[in-house]
Amino acid sequence: MDEVKQLVTDIKNKNLKPIYFLMGEEAYYIDKISDFIEDNVLTEDERGFNQMVLYGRDVSVDDIVSNAKRYPMMAEYQVVIVKEAQDLSRSIEKLVDYTKQPQPSTILVMNYKYKTIDKRKSLYKELKKTGVVYESKKLYENQVADWIRRVLSGQEYTIAPKAAQMLVEFLGTDLSKINNELEKLQIILPKGTQISPEHIEENIGISKDYNNFELRKAIGERNVLKAHQIVNYFAENPKDNPMVVTVSLLFNFFSQLLHFHGLNDKSPRSVASALKINPYFVNEYIEAARNFPMKKVSSVVATLRDFDVKSKGVGANAVPQGDLLKELIVKIMN
């Protein structure tokens, strides 16, 4: 995020490079940087003649180079943006000759999503000399809640830890999807609001009581009734609550519990750091560890591995997913 801020600052200050090669698994920042260049390098009057958007599936590298070598009309720069440049992955190395001697009055932006170019090859090495190479990496799941908090803080909002966790568990690590939902909330809620689980439930449609976060908590507390209520809800709404996701999240939870049992220092700060969790959730892990000794945790991890295979249809084709999930909870809680 700091690298993105620096890039944006440089562009605002007209400290421009002739090539911006934006690549990597996380599309969100690639789009943000590209859109910022599209909206801010040229004035509205200059864009008509000096800004073009190309698509990788429709052009060749030679076409891109030909457009990049043009001179601007009545402006200091022209901007050439290539979206979905990853469609040119088989021929992208042909860009190396242009990269060695780029047109100084052209700002070429390559949006190379979901992939990276080979850092051992000439193109990457030349790009590092003459332009900017930005690699947008996927965040790990345990980093996304902090990202949500930082984004909202910049917009003068805060979010309750449980609400952030609900978004992560429902939307995964796709920052673009999460940002879309956050933008919806910002339209509805006034600045200064703390976004709560109730706001998430009312405006995004994620149940604050029947979700994987609450199931994990109920299991950790050995609250058998609540765990079965949630699982019954999942069984009735399988499309919104796929078993494979639930099993994966529970596997991560019990793997962390196994790690917790092995810690020498079980102070809240140490636990949060070691497990890479928000300090807000540390007490849940401490209580779960009391309810699930190490031997039981090891047994549950083995059970979850078995049900992960079954949830994908191996050895349990005829068994409804809801029934499998109910059986899993019985095995965990016994």
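The notes below deal with the structure included here.

### Remarks on the packing of helix α8 (residues 161-171) against helix α10 (residues 197-204)
Thinking step 1. It is at 8 Å that the axes of α8 and α10 come closest, and there the two elements cross at 35°. Here K162, A163, M166 and L167 of α8 lie close against α10, whose contacting residues are P197, I200 and I204.
Thinking step 2. Classifying every residue of the contact of α8 with α10 gives six nonpolar, no polar and one charged.

### Some words on the pattern of salt bridges
Thinking step 1. Overall, the coordinates contain 14 salt bridges when judged by the stated rule.
Thinking step 2. A salt bridge links K119 to E135, with the nearest nitrogen and oxygen atoms 2.7 Å apart. Residue K119 is located in the loop between β4 (106-113) and α6 (122-130), and its partner E135 is located in strand β5 (residues 132-135); the two are separated by 16 residues in the primary sequence.
Thinking step 3. Salt bridges linked by common partners bring D31, E84 and K113 together as one network.

### Comments concerning the nonpolar core
Thinking step 1. In terms of nonpolar packing, the biggest core is built from 46 residues, with Y20, I37, I107, I148, L167 and I200 touching the most fellow members.
Thinking step 2. Setting aside its immediate chain neighbours within four residues, I200 contacts A163, M166, L167, L185, I195, G205 and I206.
Thinking step 3. In this structure, F234, I277, V300 and L325 belong to the second largest nonpolar core, which totals 38 residues.

### So, the sheet that holds β5
Thinking step 1. Pairing is parallel in the open sheet, where five strands are placed in the order β2-β3-β4-β1-β5. Of all strands in the sheet, those bounded by a partner on one side alone are β2 (51-55) and β5. On average, adjacent strands in this sheet sit at an angle of 15° to one another, irrespective of strand direction.
Thinking step 2. Where strand β1 (residues 19-24) lies against β4, six bridges are found, and the strand directions are parallel. Within β4, the residue paired with I19 across the bridge is L108.
Thinking step 3. Its contacts with the sheet place helix α4 (residues 61-68) against β2, β3 (78-83) and β4, and it is angled at close to 165° to β3.
Thinking step 4. On top of the sheet, α6 reaches β1 and β5; it is set at about 115° to β5, its chief contact.

Thresholds applied
Numbers given to residues run from 1 along each chain, matching the order in which its sequence is written. Residue-level local features of this predicted model are given only where pLDDT is at least 70; pairs of side-chain atoms are given and counted only at 80 or more, and the full residue set underlies all totals for whole chains, interfaces and linings. No hydrogens and no water enter the side-chain calculation; it runs on all heavy atoms of the structure. The angle between two axes is taken between their N-to-C directions and runs from 0 to 180 degrees, where each axis is a line fitted to C-alpha atoms and a helix contributes only its stretch in contact. Working definition: helices are DSSP H or I runs of at least four residues, strands are E runs of at least two. Numbering for both runs from the N terminus. Whether two residues are in contact is decided by their heavy atoms: any pair within 4.5 Å suffices. Asp, Glu, Lys and Arg are counted as charged, while Ala, Val, Leu, Ile, Met, Phe, Trp, Tyr, Cys and Pro are counted as nonpolar; the rest, among them Gly, fall into the polar class. By definition, a salt bridge exists where a carboxyl oxygen of Asp or Glu is found within 4 Å of a side-chain nitrogen of Lys or Arg. Side-chain atoms within 4.5 Å link the members of a nonpolar core, which is a set of buried Ala, Val, Leu, Ile, Met, Phe, Trp, Tyr and Cys residues. Burial classes follow relative accessibility: with a 1.4 Å probe on protein chains only, a residue under 20% of its type's maximum area counts as buried, one over 50% as exposed, and anything between as partly exposed. The pairing criterion is simple: DSSP has to find at least two bridges between the two strands.

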